[in-house]
Amino acid sequence: MNSTLGFIFPNGSIIHNDSGVYFQTSTLVPIRVPNACDFATLKTRIHNTLQLTDKQYLDEIYYRQPFTDIGNQFRFQCIQLKNDDDDNTMLLCNHQFLCVSPIELLCTIGRTLDGILNLLEATITPTHDALLYYNGRWNMSRQHNFVDYSFTGKEPKKFDIPSRCTMDELKDLIKQVAPQGMPPDGIHES
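Residues numbered from 1 in each chain as written. Predicted model: local features only at pLDDT ≥ 70, side-chain atom pairs only at ≥ 80, totals over all residues. Heavy atoms only, no water.

S.K.: What exactly am I supposed to notice about the overall build of the protein here?
M.R.: A tally of regular secondary structure across the protein gives 4 helices and 9 strands. Listing every helix and strand of the protein by position from the N terminus yields β-β-β-β-α-β-β-α-β-α-β-β-α. When burial is assessed residue by residue, the protein has 28% of its 190 residues classed as buried. Within the protein, contacts between residues at least 6 apart in sequence are counted, and of these 58% link residues at least 24 apart. When the accessible surface of the protein is split by element, carbon and sulfur atoms take 51% of a total near 13,200 Å². (Helix = DSSP H or I, 4+ residues; strand = E, 2+ residues; numbered from the N terminus. Buried < 20%, exposed > 50% of the residue type's maximum accessible area, 1.4 Å probe, protein only. Contact = heavy atoms within 4.5 Å. Areas by Shrake-Rupley, 256 points an atom, 1.4 Å probe, with all protein chains shown as cover.)

S.K.: Any chance you could explain the nonpolar core here in plain terms?
M.R.: One broad rule of soluble globular proteins: the nonpolar side chains tend to lie buried together. Leu42, Ile46, Ile61, Tyr63, Leu81, Met90 and Leu105 are the most contacted members of the largest nonpolar core, which totals 22 residues. Among the secondary structure elements, those contributing two or more residues to this core are β4 (29-34), α1 (39-49), β5 (56-68), β6 (74-81), α2 (84-96) and β7 (103-111). With sequence-adjacent residues up to four places away left out, tyrosine 63 is seen in contact with Phe23, Gln77, Cys78, Ile79, Leu81, Met90, Cys93, Asn94, Ile103, Glu104 and Leu105. (Core = buried A, V, L, I, M, F, W, Y, C linked by side-chain atoms within 4.5 Å.)

S.K.: Could you clarify how one ought to interpret the pattern of salt bridges in this entry?
M.R.: This model, assessed by the stated rule, comprises 2 salt bridges. Here glutamate 104 ties to arginine 64 by a salt bridge, and the two come within 3.2 Å at their closest N and O atoms. With glutamate 104 in strand β7 and arginine 64 in strand β5, this pair connects stretches of sequence that are 40 residues apart. Exposure class is identical for glutamate 104 and arginine 64. Each is buried. (Salt bridge = Lys/Arg side-chain N within 4 Å of Asp/Glu carboxyl O.)

Here it is in C-alpha coordinates:
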(Lines give C-alpha, C1' and ligand atoms only; values in the text may rest on other atoms or scores of the structure.)
Protein backbone atom coordinates (compact mmCIF):
# COMPACT_ATOMS: atom_id res chain seq x y z
CA MET A 1 0.00 0.00 0.00
CA ASN A 2 1.37 3.42 -0.93
CA SER A 3 1.63 5.83 1.95
CA THR A 4 3.04 9.21 2.88
CA LEU A 5 5.14 10.19 5.86
CA GLY A 6 3.34 12.29 8.41
CA PHE A 7 3.77 13.47 11.96
CA ILE A 8 1.25 13.52 14.79
CA PHE A 9 1.38 16.30 17.36
CA PRO A 10 -0.56 14.69 20.26
CA ASN A 11 -2.31 17.25 22.50
CA GLY A 12 -0.19 19.94 20.90
CA SER A 13 -0.85 23.61 20.37
CA ILE A 14 -1.46 25.76 17.31
CA ILE A 15 0.94 28.69 17.00
CA HIS A 16 0.36 31.60 14.63
CA ASN A 17 3.32 33.32 12.96
CA ASP A 18 4.31 35.14 9.71
CA SER A 19 3.89 32.00 7.60
CA GLY A 20 0.43 31.24 9.02
CA VAL A 21 0.37 28.48 11.61
CA TYR A 22 2.57 25.74 12.92
CA PHE A 23 2.02 22.98 15.46
CA GLN A 24 3.96 22.43 18.64
CA THR A 25 4.06 19.47 21.04
CA SER A 26 6.41 17.83 23.51
CA THR A 27 6.44 14.48 21.65
CA LEU A 28 6.33 14.19 17.87
CA VAL A 29 5.05 10.81 16.60
CA PRO A 30 5.75 9.61 13.03
CA ILE A 31 2.90 7.99 11.08
CA ARG A 32 2.43 6.47 7.63
CA VAL A 33 -0.76 7.90 6.08
CA PRO A 34 -2.21 5.73 3.27
CA ASN A 35 -2.46 7.66 -0.01
CA ALA A 36 -6.04 6.52 -0.45
CA CYS A 37 -7.92 6.30 2.83
CA ASP A 38 -11.19 7.50 4.25
CA PHE A 39 -11.60 9.47 7.48
CA ALA A 40 -12.44 6.39 9.58
CA THR A 41 -9.26 4.64 8.39
CA LEU A 42 -7.18 7.72 9.19
CA LYS A 43 -8.65 7.91 12.71
CA THR A 44 -7.99 4.21 13.28
CA ARG A 45 -4.41 4.57 12.01
CA ILE A 46 -3.80 7.53 14.36
CA HIS A 47 -5.43 5.70 17.29
CA ASN A 48 -3.22 2.64 16.74
CA THR A 49 -0.05 4.67 16.12
CA LEU A 50 -0.55 6.59 19.37
CA GLN A 51 -1.40 3.31 21.15
CA LEU A 52 -4.42 4.83 22.86
CA THR A 53 -6.00 2.72 25.58
CA ASP A 54 -9.70 1.89 25.83
CA LYS A 55 -9.92 4.72 28.40
CA GLN A 56 -8.78 7.30 25.80
CA TYR A 57 -10.31 8.53 22.56
CA LEU A 58 -9.27 10.66 19.62
CA ASP A 59 -11.21 13.89 20.03
CA GLU A 60 -10.18 16.32 17.27
CA ILE A 61 -7.78 16.19 14.34
CA TYR A 62 -6.26 19.28 12.70
CA TYR A 63 -4.22 19.38 9.50
CA ARG A 64 -1.53 21.98 8.79
CA GLN A 65 -2.47 22.76 5.20
CA PRO A 66 0.08 24.41 2.90
CA PHE A 67 -1.02 26.95 0.28
CA THR A 68 0.54 29.72 -1.80
CA ASP A 69 -0.47 33.32 -1.30
CA ILE A 70 -0.83 35.94 -4.07
CA GLY A 71 2.94 36.57 -3.96
CA ASN A 72 3.61 32.83 -4.53
CA GLN A 73 4.91 32.45 -0.98
CA PHE A 74 4.19 29.24 0.89
CA ARG A 75 1.86 29.71 3.84
CA PHE A 76 0.07 27.35 6.18
CA GLN A 77 -3.44 27.32 7.56
CA CYS A 78 -5.11 24.99 10.01
CA ILE A 79 -8.17 22.96 9.04
CA GLN A 80 -10.05 20.55 11.22
CA LEU A 81 -10.61 17.10 9.74
CA LYS A 82 -14.17 15.92 10.43
CA ASN A 83 -15.20 13.71 7.51
CA ASP A 84 -14.16 12.05 4.25
CA ASP A 85 -14.27 15.36 2.32
CA ASP A 86 -11.77 16.97 4.71
CA ASP A 87 -9.61 13.85 4.52
CA ASN A 88 -9.65 13.97 0.69
CA THR A 89 -8.72 17.67 0.78
CA MET A 90 -5.73 16.81 2.96
CA LEU A 91 -4.59 14.01 0.65
CA LEU A 92 -4.98 16.13 -2.51
CA CYS A 93 -3.23 19.09 -0.92
CA ASN A 94 -0.38 16.87 0.26
CA HIS A 95 0.00 15.45 -3.26
CA GLN A 96 0.10 18.99 -4.70
CA PHE A 97 2.58 20.35 -2.12
CA LEU A 98 4.61 17.20 -1.47
CA CYS A 99 7.86 19.16 -1.70
CA VAL A 100 6.81 21.60 1.04
CA SER A 101 6.43 19.38 4.10
CA PRO A 102 5.15 16.01 5.31
CA ILE A 103 1.58 15.67 6.56
CA GLU A 104 1.29 17.32 9.97
CA LEU A 105 -1.66 16.39 12.19
CA LEU A 106 -2.44 17.87 15.57
CA CYS A 107 -4.68 15.55 17.60
CA THR A 108 -6.45 16.17 20.87
CA ILE A 109 -6.83 13.09 23.02
CA GLY A 110 -9.68 12.83 25.47
CA ARG A 111 -10.33 10.49 28.36
CA THR A 112 -13.50 8.52 28.91
CA LEU A 113 -15.37 8.93 32.18
CA ASP A 114 -13.89 5.63 33.39
CA GLY A 115 -10.44 6.86 32.37
CA ILE A 116 -10.88 10.07 34.38
CA LEU A 117 -12.15 8.16 37.42
CA ASN A 118 -9.24 5.69 37.23
CA LEU A 119 -6.78 8.58 36.99
CA LEU A 120 -8.34 10.25 40.03
CA GLU A 121 -8.31 7.02 42.02
CA ALA A 122 -4.64 6.51 41.21
CA THR A 123 -3.64 10.01 42.32
CA ILE A 124 -5.90 10.59 45.32
CA THR A 125 -5.45 8.58 48.47
CA PRO A 126 -8.88 7.78 49.90
CA THR A 127 -9.21 9.04 53.46
CA HIS A 128 -11.76 9.07 56.24
CA ASP A 129 -12.47 12.19 58.26
CA ALA A 130 -11.80 11.82 61.96
CA LEU A 131 -12.29 14.07 64.96
CA LEU A 132 -10.01 13.56 67.92
CA TYR A 133 -10.98 14.60 71.48
CA TYR A 134 -8.40 14.80 74.28
CA ASN A 135 -9.56 14.31 77.84
CA GLY A 136 -13.03 13.90 76.43
CA ARG A 137 -16.03 11.87 77.49
CA TRP A 138 -18.10 9.32 75.74
CA ASN A 139 -21.74 10.04 76.44
CA MET A 140 -24.33 7.34 75.97
CA SER A 141 -27.99 8.05 76.42
CA ARG A 142 -30.96 5.75 75.96
CA GLN A 143 -34.30 6.84 74.62
CA HIS A 144 -36.80 4.01 74.34
CA ASN A 145 -35.21 1.39 72.06
CA PHE A 146 -32.53 3.73 70.69
CA VAL A 147 -29.05 4.34 72.04
CA ASP A 148 -27.37 7.65 71.26
CA TYR A 149 -23.59 8.07 71.40
CA SER A 150 -21.73 11.35 71.51
CA PHE A 151 -18.30 12.62 72.46
CA THR A 152 -17.50 15.83 74.27
CA GLY A 153 -14.15 17.37 75.02
CA LYS A 154 -11.99 20.45 74.61
CA GLU A 155 -10.21 21.46 71.44
CA PRO A 156 -11.29 18.72 69.03
CA LYS A 157 -8.73 18.12 66.26
CA LYS A 158 -9.84 17.16 62.76
CA PHE A 159 -7.57 14.93 60.68
CA ASP A 160 -7.74 12.34 57.89
CA ILE A 161 -7.19 8.62 58.32
CA PRO A 162 -6.03 6.92 55.09
CA SER A 163 -7.78 3.72 54.03
CA ARG A 164 -6.02 0.53 55.17
CA CYS A 165 -4.32 2.42 57.97
CA THR A 166 -2.72 0.10 60.56
CA MET A 167 -3.01 0.68 64.30
CA ASP A 168 0.65 1.79 64.51
CA GLU A 169 0.12 4.25 61.64
CA LEU A 170 -3.01 5.56 63.38
CA LYS A 171 -1.04 6.11 66.59
CA ASP A 172 1.60 8.04 64.63
CA LEU A 173 -1.11 10.20 63.03
CA ILE A 174 -2.63 10.94 66.43
CA LYS A 175 0.80 11.91 67.79
CA GLN A 176 1.20 14.34 64.90
CA VAL A 177 -2.02 16.19 65.73
CA ALA A 178 -1.68 15.90 69.50
CA PRO A 179 -1.60 19.19 71.41
CA GLN A 180 1.70 20.38 72.83
CA GLY A 181 2.63 18.65 76.06
CA MET A 182 0.85 15.38 75.26
CA PRO A 183 3.19 12.61 76.38
CA PRO A 184 4.33 10.43 73.45
CA ASP A 185 3.38 7.27 75.31
CA GLY A 186 -0.02 8.65 76.25
CA ILE A 187 -1.74 7.13 73.20
CA HIS A 188 -3.46 3.80 73.72
CA GLU A 189 -5.72 1.72 71.52
CA SER A 190 -8.97 2.87 73.10
